[in-house]
Amino acid sequence: MTTSPELMPNRPHAVQPVDKLRKLVPPNFRDEDWKYTQFPHFQQYKIQPPSVPGLSKGIPSSNLPIPSINEAWVVVVKNGMIQPHLSHLPEPSSGISVCSLPGTHFGPSVESEFGRGAIALKHGHYFSQWALEQNAVGVLIEVKKNVVAQKHLMIHTINDIPESKSVLPCHHVIKLGPNASLTFSEVMEGIGAGMSLSLHEIHLGVGSSLKHNQLQLWGNTHECIQQVLVNQEKESQYAHFAYCAGGGKVRNQLTVSQEGPLAHTELTGLVLPGAGEHIDNQTLMRHCTPNCSSRQRYRALVGHNGTSVFNGKVFVDPEAQKTDAYQHHASLLMHESAVSNAKPELEIYADDVKCSHGATTGMLDAGEIHYMRTRGLSEIQARMMLQDAFVRDLLDSLPVEILRSWCLNHCVDRLHALNQSTVNQPNNPL
Amino acid sequence: MLLEIENLKASVEGKEILKGINLSIPAGEVHAIMGPNGSGKSTLSSIIAGKDGYEISGSIRFDGVEIMDWEPEIRSRAGIFLAFQYPVELPGVGLSSFLRACVNESRKHRGEPELDASAFLALMREKAALVELSQELIRRPVNQGFSGGEKKRNEIFQMAMLDPKMAILDETDSGLDIDALRIVAEGVNKLRHAQRSMLVITHYQRLLEYIIPDRVHVLIDGAIVMSGDRNLALTLEEKGYDWIRAGQEVSS
């Protein structure tokens, strides 16, 4: 088994020279973290060149939750490049800057080694490090010290990668200065059978707060590997919401390090894989300092022949006394061919902490459905209502109204479609 | 006759539970079924409400129509209501949105227009008062975090909302304290009228002091062995079921 650096949370890693990475090999099924999700032909993938800014003709789909420019700054990123003519960027007076990240070479605004892959080199997996090596393009977002963003910032990502076995690597950097605050959402579209590979490095300064929402709307043949790496300083707050509505093969890794006391983290995810779709979410929550807290809530509603994978790790370092960590994963299988692999993990090295975790997997309860039918609801109505209840209270915690209402509607349509395709299967529970 | 059951037999995995039940309930009457544990009382009520998983034969006619093949939701919409002995919790499903969907399905079935939000709220307030169910409980998911008594009151509340022709109360008195029993029974009594029949299943005569039945039937070992007026319940309370069993042996 290849041991990835993240499995050794208590041993800080020095920044390694890039050429050392070349010795790493892509993870395979022998690696516990990649047991259910592998990309065996990755080394044969072609690299998709980024789009040229200004050439993109427009936004292909209009039924997405894109807010008006009064409500939000909307930045359109086509194949890794900001499309300024389609975007409404923050004004310089806002204290927020959004610019292209041309590889790992920055202008003077980025301090020290942050953004040059320092976090990724320390905690990134093989694919993130590979993206760094490719000098992947992306977006750099900076919020200056003490700036509380007056509007919501949205990035509308359109990855058009028609050919299978081609990959578009992207590298985004988000940096909040001390006491800064931002709500940042990403609406992510993946078109074609190619792969979107992205690395997010997020650094939250002392007392800062980032609400980070991702709507992953990948096509059902699209592949995605994403790693979000977050460093939290003292008293900072990070809330991540993931809505994963589909994708051929999706692997999301969320790695959060609380490196100062009184930091708080909320990780929430809703996963809805349908037929032939495979969605894998992995979280790694590292509590390194005292008095920090974290909440993780993940739910998966899996249609026939769909697969959900969840692996959630919580590490509590010996110094991290008074940690309060909670993790829960629930999956609801809509058909006997639906698969859910869930593994909650806790590793605690401190002795005065409160940590709990749990995971449930099952189908809808026949007794509940019968009870509802005796009150006049049809079987399909009863199922829809129970499924809706399963996802709704999670969606209620999505902090942006336009995204929340869009996701609720999208979810209902998706549940209809998943139920419909389940009804057409042999051994359907209806 | 509103409900006519003829020679109803039911078995599970070869074990016969109901051995030929005959029971007729005219519109507006309240009938009680009493019987010892395991005699088939709950099975009978489940089968009338349409629960599957039994091998059944015989006939159940409701309003003159054979309903043995009907799905549970069709029976419900047609006006059969079963108050569960153990009401089921529905995680995350709000009571008011659940009931609104149920009430509107019944209305659609009867060819009536759906209730709008304000009319529905008004109806809900009126019916909740009947069983003293607080507005706070109505905002919660169905039966989630309800006490035993609150669950039973919620069943009667749902019955009031759905306005059935035939209500079956399966051991509604079990698990209730004296005050809750009175509240539930008063709620049921307020729902009695000339077009609504009830079948009250109970172990004890106590409930029948509040809900006065027109007829009392005794179910033992899957068959109705004795029927009578309300005095039968008093006799049973006094002498126990062994008195009937002994009688059966003598007569056989």
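Residues numbered from 1 in each chain as written. Chains lettered and ligands numbered in written order. Predicted model: local features only at pLDDT ≥ 70, side-chain atom pairs only at ≥ 80, totals over all residues.

A.B. asks: Sorry if this is basic, but what is going on with the overall build of chain B here?
C.D. replies: When helices and strands are counted, chain B shows ten helices and ten strands. For chain B, the C-alpha radius of gyration of 18 Å lies close to 18 Å, the compact-globule estimate for 252 residues. Overall, chain B is about 60 × 40 × 35 Å in size when its C-alpha atoms are taken along their principal axes. Relative to its full complement of 252 residues, chain B shows a buried share of 42%. Long-range contacts, defined here as pairs at least 24 residues apart, represent 70% of the contacts in chain B between residues at least 6 apart. (Helix = DSSP H or I, 4+ residues; strand = E, 2+ residues; numbered from the N terminus. Rg over C-alpha atoms; globule rule 2.2 N^0.38 Å. Buried ≥ 20, exposed ≤ 12 C-beta atoms within 10 Å, placed from the backbone. Contact = placed C-beta atoms within 7 Å.)

A.B. asks: So what exactly am I meant to see when it comes to the overall build of chain A here?
C.D. replies: Within chain A, the secondary structure is distributed over six helices and 20 strands. Taken across its 430 residues, chain A has 50% of its residues classed as buried. Here the contacts in chain A between residues at least 6 apart in sequence split such that 83% fall between residues at least 24 apart.

A.B. asks: Help me out: how do you make sense of the pairing of strand 6 (residues 152-160) of chain A in this one?
C.D. replies: Each regular strand shows side chains that alternate between the opposite faces of the sheet. Residues and elements named next belong to chain A. Summarising burial for strand 6: eight of the nine residues are buried, a large majority. Bridge analysis of strand 2 (residues 72-78) against strand 6 gives seven bridges, and the strand direction is parallel. Within strand 6, the residue paired with A72 across the bridge is H152. Judged from the eight bridges that link them, strand 6 and strand 8 (residues 181-191) form a sheet pairing that is parallel. Residue pairing in the sheet places N159 in a bridge with G190 of strand 8. (Pairing = 2+ DSSP bridges.)

A.B. asks: Got a minute to help me understand the interface of chain A and chain B in this structure?
C.D. replies: Quoted interface sizes are often the accessible area lost when the parts come together. Of the residues lining the interface, 18 residues belong to chain A; the matching set on chain B comes to 20 residues. Of all the secondary structure elements, the ones that give two or more residues to the side of chain A that touches chain B are helix 4 (366-373) and helix 5 (379-395) of chain A.

A.B. asks: Help me out: how do you make sense of the packing of helix 4 (residues 117-130) of chain B against helix 6 (residues 148-162) of chain B in this one?
C.D. replies: Two quantities define a packed helix pair, namely the angle between the helix axes and the distance between the axes. All names here are of chain B. Interaxial distance between helix 4 and helix 6 falls to 9 Å at its minimum, and their mutual angle equals 135°. Taken together, helix 4 and helix 6 sit at an angle that is classed as oblique. Considering only the axes of helix 4 and helix 6, their crossing is right-handed. For the pair formed by helix 4 and helix 6, the contact residues are L123, M124, K127, A128 and L130 on the first element and F157, A160 and M161 on the second. Tallied by class, residues from the contact of helix 4 with helix 6 come to seven nonpolar, no polar and one charged. (Axes fitted to C-alpha atoms, helices over the stretch in contact; angles between N-to-C directions. Parallel < 35°, antiparallel > 145°, perpendicular 65-115°, else oblique. Left-handed = near helix turned anticlockwise from the far one by under 90°. Nonpolar A, V, L, I, M, F, W, Y, C, P; charged D, E, K, R; others polar.)

A.B. asks: Even after reading the chapter, I still don't get the environment of G14(B), so can you show me in this structure?
C.D. replies: As for its placement among the helices and strands, G14(B) is situated in the loop between strand 1 (3-12) and strand 2 (15-25). Under the C-beta neighbour-count criterion, G14(B) is labelled exposed, with 6 such atoms within 10 Å.

A.B. asks: Would you explain the sheet that holds strand 2 of chain B in this entry?
C.D. replies: Residues and elements named next belong to chain B. Here four strands make up an open sheet; going across it, the order is 2-1-4-5 and the pairing antiparallel. Looking at the sheet topology across the chains shown, the edges are occupied by strand 2 and strand 5 (65-66). In this sheet, strand 4 (residues 55-62) lies alongside strand 1 in antiparallel orientation, the contact comprising seven bridges. Paired with L3 across the two strands is F62, which belongs to strand 4. Here helix 1 (residues 41-49) sits on the sheet and contacts strand 1, strand 2 and strand 4; the angle it forms with strand 2, its principal contact strand, is near 70°.

A.B. asks: Explanation requested: helix 1 of chain B in the structure shown.
C.D. replies: The periodicity of an α-helix, 3.6 residues per turn, causes residues three or four places apart in sequence to face the same way. Counting buried positions along helix 1 of chain B yields eight of nine residues, so the element is predominantly enclosed. Positioned one or two residues after helix 1 of chain B, G50(B) has a phi angle of 100°, which is positive.

A.B. asks: How should I be thinking about the confidence of the model for chain A in this particular structure?
C.D. replies: For residues with low pLDDT, the predicted coordinates do not support detailed interpretation. Residues and elements named next belong to chain A. Of the residues in chain A, 87% have a pLDDT of 70 or more, and the chain-wide mean is 87. Confidence, expressed as mean pLDDT per element, reaches its minimum in chain A at helix 1 (residues 18-21) with 51 and its maximum at strand 14 (residues 264-271) with 97. Note on residues 1-17: pLDDT under 50 across the span, and 24 contacts to partners over four residues away in sequence or across chains. Note that residues 103-113 has pLDDT below 50 and, in this model, twelve contacts with residues that lie over four places away or in other chains. (pLDDT = per-residue confidence, 0-100.)

A.B. asks: What should I look at first to understand the pairing of strand 5 (residues 138-143) of chain A in this one?
C.D. replies: Residue and element names in this part refer to chain A. By the criterion of burial, strand 5 is predominantly enclosed, with six of the six residues buried. When strand 4 (residues 96-101) meets strand 5, the two strands line up antiparallel, connected through six bridges. Paired with L101 across the strands is G138, a residue of strand 5. Here strand 5 pairs with strand 7 (residues 166-176) via four bridges, running parallel. Bridge pairing links L140 to V173 in strand 7.

A.B. asks: I tried to follow the confidence of the model for chain B on my own but got confused; where do I start?
C.D. replies: Residues and elements named next belong to chain B. Taken as a whole, chain B shows an average pLDDT of 92; of its residues, 98% reach a score of 70 or greater. Here helix 10 (residues 242-251) stands out as the element of chain B with the lowest mean pLDDT, 72, in contrast to strand 6 (residues 80-83), whose mean of 97 is the highest. Reported confidences for the modelled complex are a pTM of 0.87 and an ipTM of 0.96.

A.B. asks: Just checking my understanding: could you explain the sheet that holds strand 2 of chain A for this structure?
C.D. replies: Sheet strands associate in pairs through backbone hydrogen bonding, adopting either a parallel or an antiparallel arrangement. Residues and elements named next belong to chain A. Taken in spatial order, the ten strands line up as 3-2-6-8-10-12-14-16-18-20 in an open sheet, and their pairing is mixed. If you trace the sheet from one side to the other, it starts and ends with strand 3 (81-82) and strand 20 (354-362), each paired once. Across the sheet, helix 5 touches strand 14, strand 16 (293-302) and strand 18 (324-333), and the angle it forms with strand 16 is around 150°.

A.B. asks: Explain helix 3 (residues 95-109) of chain B to me, please; I cannot follow it from the model alone.
C.D. replies: Spanning 15 residues, helix 3 of chain B covers 21 Å between terminal C-alpha atoms, matching the ideal 21 Å at 1.5 Å per step. Within helix 3 of chain B, the full set of buried residues consists of L95(B), F98(B), L99(B), R100(B), C102(B), V103(B), E105(B) and S106(B). Where helix 3 of chain B is buried, its residues touch helix 5 of chain A together with helix 2 (72-78), helix 4, helix 5 (135-138) and helix 6 of chain B. Residue G111(B) follows helix 3 of chain B closely and has a positive phi angle near 80°. (Expected span 1.5 Å × (residues − 1).)

A.B. asks: Honestly, the packing of helix 6 of chain B against helix 7 (residues 178-190) of chain B in this entry has me stumped. Any pointers?
C.D. replies: Residues and elements named next belong to chain B. Viewed as axis vectors pointing N to C, helix 6 and helix 7 meet at an angle of 5°, and their least axial separation amounts to 10 Å. Here helix 6 is positioned roughly parallel relative to helix 7, judged by the angle of their axes. Here helix 6 contributes G149, K152, R153 and I156 to the contact with helix 7, which in turn contributes A180, I183, V184, G187 and V188. Taken together, the residues of the contact of helix 6 with helix 7 break down into five nonpolar, two polar and two charged.

A.B. asks: Which parts of the structure should I look at to understand the environment of G80(A)?
C.D. replies: Residues and elements named next belong to chain A. With respect to the helices and strands, the residue G80 is situated in the loop between strand 2 and strand 3. Spatially, the C-alpha atom of G80 lies 17 Å from that of L215, the residues being 135 residues apart in sequence. Here G80 is in contact with P50, S51, V137, G138, L168 and C170, once residues within four sequence places are set aside.

A.B. asks: Before we go on, may I ask you to explain unusual backbone geometry in this structure?
C.D. replies: Apart from glycine, the bulk of residues carry a negative phi angle, and the bulk of peptide bonds sit in the trans form. The residue K165(A) is not glycine, and still its phi comes out positive at about 55°. The exposure class assigned to K165(A) is partly exposed, which follows from the 15 C-beta atoms found within 10 Å. Positive phi is not limited to glycine here, since N143(B) has a value of about 65°. Along the chain, N143(B) falls in the loop between helix 5 and helix 6.

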